[in-house]
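# Close look at the chain arrangement
Given next are the chains, with one letter for each unit.
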Amino acid sequence: MKVNPDDRRDNVDKIQQHINDTLENIHLANDMIEITDDEKTKQDLKEKNDRREEALDSFRKEIRDEALDKEKGYR
């Protein structure tokens, strides 16, 4: 079995795409919250958005770390 080498060159781009996708999901959920009358659905969407906000914090920390490592040449 051949093992793929650790190629981190595009990690910053991938993490940024995750951030963009998560932000889009937050906006879509907020739109749904505005138009639905179902309180359970509203609550579920709000809870999901809370978890998404936490994920964004983690993504932002990770992207900073990756960007610094990239500057240093991944040493």
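You'll find the structure just up there.
The notes below deal with the structure included here. Because the structure is a prediction, the values reported are computed rather than measured.

### Overview of the nonpolar core
Membership of the largest hydrophobic core is limited to seven residues, which are Val 12, Ile 15, Ile 19, Ile 26, Leu 56, Phe 59 and Ile 63. Top element by residues in this core is helix α1 (residues 11-35). It accounts for four residues. With residues up to four places along the chain from it excluded, the contact list for Ile 15 reads Phe 59, Glu 62, Ile 63 and Glu 66.

### Remarks on the pattern of salt bridges
Two side chains bearing opposite charge may form a pair once their charged atoms approach each other closely. Within this structure, the stated rule accounts for three salt bridges. Between Asp 44 and Lys 40 there is a salt bridge, and its shortest N-O distance comes to 2.9 Å. One end of the pair, Asp 44, and the other, Lys 40, are both in helix α2 (residues 39-71), four residues apart, so they sit about a helical turn from each other. According to the relative accessible area criterion, Lys 40 is exposed, its value standing at 56%.

So, how was this worked out
- Residues numbered from 1 in each chain as written.
- Predicted model: local features only at pLDDT ≥ 70, side-chain atom pairs only at ≥ 80, totals over all residues.
- Heavy atoms only, no water.
- Core = buried A, V, L, I, M, F, W, Y, C linked by side-chain atoms within 4.5 Å.
- Buried < 20%, exposed > 50% of the residue type's maximum accessible area, 1.4 Å probe, protein only.
- Helix = DSSP H or I, 4+ residues; strand = E, 2+ residues; numbered from the N terminus.
- Contact = heavy atoms within 4.5 Å.
- Salt bridge = Lys/Arg side-chain N within 4 Å of Asp/Glu carboxyl O.

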